[in-house]
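For reference, the chains in residue letters:
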Amino acid sequence: LNAGFPGAYTLELNGGVYDLGIEGDTPIILNQSVAINGNGSVLHGPGTNVNTPNAWTAGLILDQGAENVSINNLTIEAFATGIYLTSDGGCLNLT
């Protein structure tokens, strides 16, 4: 993730809320094949709080190299865009 080595990855999240609304680093950019098993997790964004510095506007970004992405049992909320797909992104499977 975020410019990692090419390959196929599996990301297992522990159930819970991940509050990304005040996160100051780089948004989550998927540029490889990855399966995300959310296990009931929630990615929570900044909502309408425009005063949050460095607020993320997208929960996940699928970019060039993301050939096969599967997202299971994950809620993405309170972002301007839940999942942003670039024109170079690959196949996305949501369950």
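Heads up: the structure comes first, above all this text.
This text gives an overview of the structure that appears in the document.

### Description of the environment of Leu 74
Consideration 1: The residue Leu 74 is located in strand β6 (residues 68-77) in this model.
Consideration 2: Given a relative accessible area of 16%, Leu 74 falls into the buried group.
Consideration 3: Considered as a pair, Leu 74 and Asn 37 are 37 residues apart in the sequence and their alpha carbons are 7.2 Å apart.
Consideration 4: Other than its neighbours up to four places away in sequence, Leu 74 contacts Leu 13, Ile 36, Gly 38, Ser 41, Val 42 and Leu 43.

### Looking at the nonpolar core
Taken as a class, soluble globular proteins show a tendency for nonpolar side chains to be buried jointly.
Consideration 1: Of all hydrophobic cores here, the largest spans 14 residues; its most connected members are Leu 30, Ile 36, Leu 43, Val 69, Ile 71 and Leu 74.
Consideration 2: Those residues in contact with Val 69, other than ones at most four positions away along the chain, are Leu 30, Gln 32, Val 34, Leu 62, Cys 91, Leu 92 and Asn 93.

Thresholds applied
Residues numbered from 1 in each chain as written. Predicted model: local features only at pLDDT ≥ 70, side-chain atom pairs only at ≥ 80, totals over all residues. Heavy atoms only, no water. Helix = DSSP H or I, 4+ residues; strand = E, 2+ residues; numbered from the N terminus. Buried < 20%, exposed > 50% of the residue type's maximum accessible area, 1.4 Å probe, protein only. Contact = heavy atoms within 4.5 Å. Core = buried A, V, L, I, M, F, W, Y, C linked by side-chain atoms within 4.5 Å.

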